[in-house]
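# Reading the structure
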Amino acid sequence: MVKIREDIEENLDSQQEAYGELSEGIQQKLEWFKDQKIGVIFHWGLYSEAGIVESWQLSEEDEWARKKGAWRGDIDQLRNDYWGLNQTFNPINFDPQHWAEKAKEAGFKYMLFTTKHHDGFNMYDTKFSEYKITAPTSKFHTNQQADILHYVNEAFRSVGINTGAYYSKADWHSPDYWVPDQRPKGRFASYDPKKNPEIWSRFDRFVENQLVEICENYGPLDILWLDGGWVNSSNHEFLDMDRIVEKLRTIQPDLLMVDRTIGGKYEDYVTPERKIPEIPPVKAWESNIPLAKNWGYVPNDLYKSFEEILESMIKIVSLGGNVILGVGPKPDGTLPEESLKLMKQLGDWLAIFGDGIYGTRPISTVSSEEWYATQKGNKIYVFYKTKDSEIKINLTQISKFIQRVVDLETGEDCVYLNESIQVPVGKHIFGGLVIELEETV
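Residues numbered from 1 in each chain as written. Predicted model: local features only at pLDDT ≥ 70, side-chain atom pairs only at ≥ 80, totals over all residues. Heavy atoms only, no water.

### Focus on the nonpolar core
For the record, the criterion: Side-chain atoms within 4.5 Å link the members of a nonpolar core, which is a set of buried Ala, Val, Leu, Ile, Met, Phe, Trp, Tyr and Cys residues. Buried, partly exposed and exposed residues are distinguished by accessible area as a fraction of the type maximum, computed with a 1.4 Å probe on protein chains only: under 20%, between the cut-offs, and over 50%, respectively. Comment: elements are numbered from the N terminus, with helices defined as DSSP H or I runs of at least four residues and strands as E runs of at least two.
Residues Phe-113, Tyr-177, Met-313 and Trp-349 are the most contacted members of the largest nonpolar core, which totals 103 residues. Ranked by the residues each element gives to this core, the list is headed by helix H8 (residues 197-217), at 9 residues. Counting residues in each nonpolar core, the second largest holds 19 residues, with Tyr-384, Ile-393, Leu-395 and Ile-402 among its members.

What follows is the structure, given as structure tokens:
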């Protein structure tokens, strides 16, 4: 059952769905994905210029987006003014290499960039819409880095971070989705695709053309992350995914498809949003969590504490998932100082403890509500809050295999007695141990 709560899309059924038949290449790519563990997603577009919750205020029925401060009091005026933001959006301080370097320092292994949100504004040089960052009507179009997606991908690949593309299947600016002179009420198409198949067919081809374009001109891409979950799940809005994906995988054969919340063969991994699932999904999975309250930039936003971010990441990884953290760049192209501070703290911690995060898998033989554990080969990693220095880690189930226990922070050996160890006190919020075994268990 699909649950929609404000901007959160979720399908608990698809989270417990097993894989069907997968090619060997996709199976290998999924194992690669599980090794990465930590990614970053940038939500950036005209909504940062307005300083509002992405493009949601355009949807009349999504009243929650305007409840705590409508950008304009009248919905028609709001839409008219929003569409015109491309003429003022001018991120003159956009420095993708700086973004990439800070992401590298933070320990991110892959990056997703928002090519187009629901508002239909394209952050790349598409040939299939004039509503784009490189159009003559865009104030930024004369900048040498106007084709933003190209320069973001180039910069991140240059520092060894893999790239992927976020793309909304809905497009509220497209005349074949929100038809001019019709009055769309909510997030759906302004017409019934079943009663207007010719219009929907044009939109279907439009989506195909843009996705092919992104894969051909902005690759190599590892992940195509499709948002707008009401498309392909309800209201007769169904794209021909068989045709589309076949074309995309002729360009990028091992491309991971994430038709999120849809389930089935084109949701290669599932994406619990703003949460840690109580029951780990069956497929590969990735919790997506913004560093602030919002995905995109909103002035005076409320940011999470580093302790909350760190514990969420450790818990997710111990359950076998990945985490992708959301950063909303400012309208001038810079990253918020609050985000940079959290990223620096994360990178500093991972520089010491990251071996117990990257490339690991969950382990059930060492578990407790007081600590989190991961495994890689013949090593088990245990993470615990250093303020809980009185806890004892029970090693009974693996004691006969233990060769050595090492404090990851100091590199010093730890003494374990009576099949348990009292954790050492460290200077970090979370400390960690590595337990070296004679063999993999």
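### Examining the sheet that holds strand S12 (residues 379-385)
Heads up, the rule is: Strand pairing is assigned whenever DSSP detects at least two bridges linking the two strands. Residues count as neighbours in contact if any of their non-hydrogen atoms are within 4.5 Å of one another. In this analysis an axis means a line fitted to C-alpha atoms, helices contributing only their contacting stretch, and an angle means the value between N-to-C directions, from 0 to 180 degrees.
If you trace the 5 strands from one edge of the open sheet to the other, you get S10-S11-S12-S16-S14, paired in antiparallel fashion. The outermost strands of the open sheet, each flanked by one partner alone, are strand S10 (361-362) and strand S14 (402-407). The sheet strands contacting helix H10 (residues 306-318) are S10, strand S11 (371-376), S12 and strand S16 (430-437), and the helix crosses S11 at an angle near 50 degrees. Along the sheet, helix H11 (residues 337-353) contacts S12 and S16; its crossing angle with S16, the most-contacted strand, is approximately 20 degrees.

### Looking at the pairing of strand S9 (residues 322-327)
What counts is decided by this rule: For a crossover, the right-handed case is the one in which the path from the first strand over the helix to the second runs clockwise, viewed with the strands pointing away from the viewer.
Within S9, 6 of the 6 residues are buried, which leaves the element mostly enclosed by the surrounding structure. Both faces of S9 are covered, namely the face carrying Asn-322, Ile-324 and Gly-326 and the face carrying Val-323, Leu-325 and Val-327. Here strand S8 (residues 286-290) pairs with S9 via 5 bridges, running parallel. Residue pairing for S9: Asn-288 is matched across the bridge by Ile-324. Where the polypeptide runs from S8 across H10 and back to S9, its parallel neighbour, the crossover connection is right-handed.

### Considerations on the confidence of the model for the protein
Inclusion rule: Note: pLDDT gives the predictor's confidence per residue, expressed from 0 to 100.
In this model, the protein carries a mean pLDDT of 93, and residues with pLDDT of at least 70 account for 97%. Confidence drops under pLDDT 50 across residues 1-5; counting only partners more than four residues distant or on other chains, this segment forms 10 contacts.

### Let's talk about the packing of H8 against helix H9 (residues 241-251)
The following threshold applies: Any angle between 65 and 115 degrees counts as roughly perpendicular, while under 35 counts as roughly parallel, over 145 as roughly antiparallel, and the rest as oblique. Crossing chirality is assigned from the near helix's rotation relative to the far helix, an anticlockwise turn below a right angle marking it left-handed and a clockwise turn marking it right-handed. Side-chain classes are defined by residue name, with Ala, Val, Leu, Ile, Met, Phe, Trp, Tyr, Cys and Pro counting as nonpolar, Asp, Glu, Lys and Arg as charged, and the others, Gly among them, as polar.
Put simply, H8 and H9 touch, their axes get as near as 9 Å, and they point 15 degrees apart. Compared by their axis directions, H8 and H9 come out roughly parallel. Remark: the crossing between H8 and H9 carries right-handed chirality. Across from Asp-204, Arg-205, Glu-208, Leu-211, Val-212, Cys-215 and Glu-216 in H8, the residues of H9 making contact are Arg-243, Ile-244, Lys-247, Leu-248 and Ile-251. A breakdown of the residues in the contact of H8 with H9 according to their chemical character gives 6 nonpolar, no polar and 6 charged.

### Topic: unusual backbone geometry
Working note: non-glycine residues mostly have negative phi, and peptide bonds are mostly trans. Following Gly-219, the chain continues into Pro-220 via a peptide bond in cis, with omega recorded as 0 degrees. The topology assignment puts Pro-220 in the loop between H8 and strand S6 (223-227). In this model, Lys-37 sits at a positive phi of 70 degrees, which is unusual for a non-glycine residue. Here Lys-37 shows up in the loop between helix H2 (24-36) and strand S3 (38-42). The backbone of Thr-261 shows a phi angle near 75 degrees, a positive value even though the residue is not glycine. Note that Thr-261 resides in the loop between strand S7 (256-259) and S8.

### Side note on the environment of Ile-262
Topologically, Ile-262 is positioned in the loop between S7 and S8. Contacts of Ile-262, omitting those with residues within four sequence positions, involve Asn-11, Lys-169, Gly-229, Val-231, Asn-232, Ser-233 and Glu-267.

### Focus on the side chain of Asp-62
Test applied: Polar contacts, as used here, are pairs of N or O atoms within 3.5 Å; protein pairs need one atom able to donate a hydrogen and one able to accept it. Residues neighboring in sequence count only if both atoms are side-chain atoms.
As for its position among the elements, Asp-62 is in the loop between helix H3 (46-50) and helix H4 (64-67). Of note is the side chain of Asp-62, whose polar atom sits 2.9 Å from the side chain of Trp-64.

### Things to note about the sheet that holds strand S4 (residues 110-116)
Within the open sheet, the 7 strands sit side by side as S7-S6-S5-S4-S3-S9-S8. Their pairing is parallel. The sheet is open, and its two borders are formed by S7 and S8, each paired with just one other strand. Here the strands of the sheet are splayed against their neighbours by 20 degrees on average, with no regard to which way each runs. Across 6 bridges, S4 lies against strand S5 (residues 162-168) in parallel orientation. If you follow Leu-112 over to S5, its bridge partner there is Gly-164. Against the sheet, helix H7 (residues 148-158) engages S3, S4 and S5, with an angle of about 175 degrees to S4. Contacts from H10 reach S3, S8 and S9 within the one sheet, and its direction differs from that of S9 by about 150 degrees.

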